[in-house]
Amino acid sequence: GGGTNLFDFITLQVLPTEMRVLVLFVAGVALFGYGSWRLLKVVLEPYRERPEPLVELLYQRRLRARGPHVVAIGGGTGLSTLLRGMKELTSNITAVVTVADDGGSSGKLRTEMGLPPMGDIRACMEALADAEPIMRRLLSYRFLMPMNPNAEVKDETTPFVGHALGNLLIAALTDVTGDFEEAVRQANRVLAVRGKVVPVAGKPITLHAELADGSALEGQSRIARARGIRRVWITPGDVRPAAEALDALASAELIVIGPGSLYTSLLPPLLVLGMREALAATRAPRVFVCNVATQVGETESFGLAAHLAALDAHGMGGLIDAVVVNGNFNARQPQNYPAAPVQVDLPLSAPDGPALFTRDVVDDDNAHHHDAHKLATALLTLHDERAIRRRQRVAAPAQQVAR
């Protein structure tokens, strides 16, 4: 009947046996080819907008995978700049980030939810994310007005106003996982971060400062604007470093401290109990990257010697093997900005001090910022040439810097 004829047609019974085999073979090859083409299209989709050939991209990825394990310690814009350049040269990067910030979106979440500040952590993830341009815009997006323009709620009382989306993501992950360190770990995976970003500690820390006139300040945002800082310390004093931070230091091949705000970005993570001991125990060379310019407030009129003296006064004496400082003073100076280039006011070879390397690491268009590519290239070139060595020196006793 008609049903039998339709069945024979669908199953190709109307064709000779040899022809059925040929048709099925051709159909199978076509389906396999179509599936392979679709799979290849999906795999190559992330690379369609890249100007480099795919072979070059794969070669670069392989080179980065073989790069040295670099641990960068600090926070703020300086650390993000370093990571942005370093990720093009090695995929083995760990950023150990301060948790002392108390301003802006981070400060609000810290006050309202008791969470460690995540603004610097978010910025480092932006820098290390593979899809950096769009990811940076997404993570740093701030809610500045009510989502409903007809809402009667005032801007300043809208819950999301002022918060960066990346901060809210980490806060939500903390609530889901029940642990801040695990939340940051999951955010690294979700955002496809090249390398990893870890908080120096899983709890918020508060920064304190004593000024030259004997007065004291509390809070990173206030201290950043202060002049005449004599010393800083953190509370609570018994906060321990995150396990991932200690593991990264133990397995590092190069440790970079800075660039960044001396008192408010670099020293807070270094003062966490146990960090000094971990830095002393590591076999990796420890490099301090000095800022290219002074900062209004905390490092006004500081030269290289003053930066190193501040590190030494806070127990870092003997823990710096080398210093990379800018040697190009021809970059464009922003108008009406009261900062100045950091001067190299130390001899380039001191028998009992760190090795000093002057390199062109400044942004040609802005004399107050590092150039990400220049800085990362200079550091890894020195490392590859074994110019930066772990020096066996007897460290000076750590000075008491906490009350």
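Below you will find a few notes about this structure. What you are looking at is a predicted structure, and each value in this text was computed from that prediction instead of being measured.

1. Some words on the pattern of salt bridges
One pass over the full model with this rule turns up 10 salt bridges. When the shortest N-O distance is used, the salt bridge between Asp 360 and Lys 374 registers 3.2 Å. Separated by 14 residues along the polypeptide, Asp 360 in the loop between β10 (355-359) and β11 (362-363) and Lys 374 in helix α15 (residues 372-384) bring together distant segments of the chain. Several salt bridges share partner residues, and in doing so they unite Glu 182, Arg 185, Lys 196 and Glu 244 into one network.

2. Some thoughts on the layout of surface pockets
Empty space within the largest pocket amounts to approximately 510 Å³. When residues of the lining of the largest pocket are traced back to their parent elements, those giving at least two are α4 (76-86), α12 (262-270) and β12 (366-370). Considering only residue class, the lining of the largest pocket consists of 6 nonpolar, 17 polar and 3 charged.

3. Some remarks on the sheet that holds strand β4 (residues 206-211)
Across the sheet, 3 strands lie side by side as β5-β4-β6; this open sheet has antiparallel pairing. Whereas interior strands pair on both sides, the edge strands pair on one side only; in this sheet they are β5 (216-218) and β6 (229-235). Across the sheet, the mean angle from the axis of one strand to that of its neighbour is 20°, orientation sign disregarded. Across 6 bridges, the pairing between β4 and β6 is antiparallel. From the neighbouring strand, Leu 211 faces β6, where its bridge partner is Ile 229.

4. Observations concerning helix α9 (residues 180-190)
Those residues of α9 that fall on the buried side of the exposure criterion are Phe 180, Ala 183, Val 184, Ala 187 and Asn 188. An end-on view of α9 places all buried positions within 145° of arc, on one side of the element. Among the structural elements, α6 (119-128), α8 (165-177) and β3 (196-199) are those in contact with the buried residues of α9. Of the residues flanking the start of α9, the one acting as N-cap is Asp 179, its side-chain oxygen 3.2 Å from the backbone nitrogen of Glu 181. At the exit of α9 stands Ala 192, carrying a positive phi of roughly 55°.

5. So, the packing of α12 against helix α14 (residues 304-316)
Running from amino to carboxyl end, α12 crosses α14 at an angle of 30°, the nearest separation of the two axes being 11 Å. The orientation of α12 relative to α14 falls into the category roughly parallel. Judged by the twist between their axes, the crossing of α12 over α14 is right-handed. Contacts between α12 and α14 pair Leu 262, Tyr 263, Leu 267 and Leu 270 from the former with His 307, Ala 310, Leu 311, His 314 and Met 316 from the latter.

6. Re the nonpolar core
Counting 103 residues, the largest nonpolar core has Ile 73, Leu 83, Ile 121, Val 197, Phe 288 and Leu 379 as its most contacted members. By residue number, the principal contributor to this core is α15, which donates 6 residues. Setting aside chain neighbours within four positions, we find Ile 73 in contact with Val 96, Leu 249, Ile 255, Val 256, Ile 257, Gly 258, Leu 266, Pro 269, Leu 270, Met 275 and Leu 279.

Cut-offs applied
Residues numbered from 1 in each chain as written. Predicted model: local features only at pLDDT ≥ 70, side-chain atom pairs only at ≥ 80, totals over all residues. Heavy atoms only, no water. Salt bridge = Lys/Arg side-chain N within 4 Å of Asp/Glu carboxyl O. Helix = DSSP H or I, 4+ residues; strand = E, 2+ residues; numbered from the N terminus. 1 Å grid on protein atoms, 1.4 Å probe; cavity = no way out; pocket = protein on both sides within 12 Å on 5 of 7 lines; lining within 4 Å. Points joined across faces, edges and corners; volume = space filled by probe spheres on them. Nonpolar A, V, L, I, M, F, W, Y, C, P; charged D, E, K, R; others polar. Pairing = 2+ DSSP bridges. Axes fitted to C-alpha atoms, helices over the stretch in contact; angles between N-to-C directions. Buried < 20%, exposed > 50% of the residue type's maximum accessible area, 1.4 Å probe, protein only. Arc of directions from axis to C-beta. Contact = heavy atoms within 4.5 Å. Polar contact = N/O pair within 3.5 Å; in protein donor to acceptor, adjacent residues only side chain to side chain. Parallel < 35°, antiparallel > 145°, perpendicular 65-115°, else oblique. Left-handed = near helix turned anticlockwise from the far one by under 90°. Core = buried A, V, L, I, M, F, W, Y, C linked by side-chain atoms within 4.5 Å.

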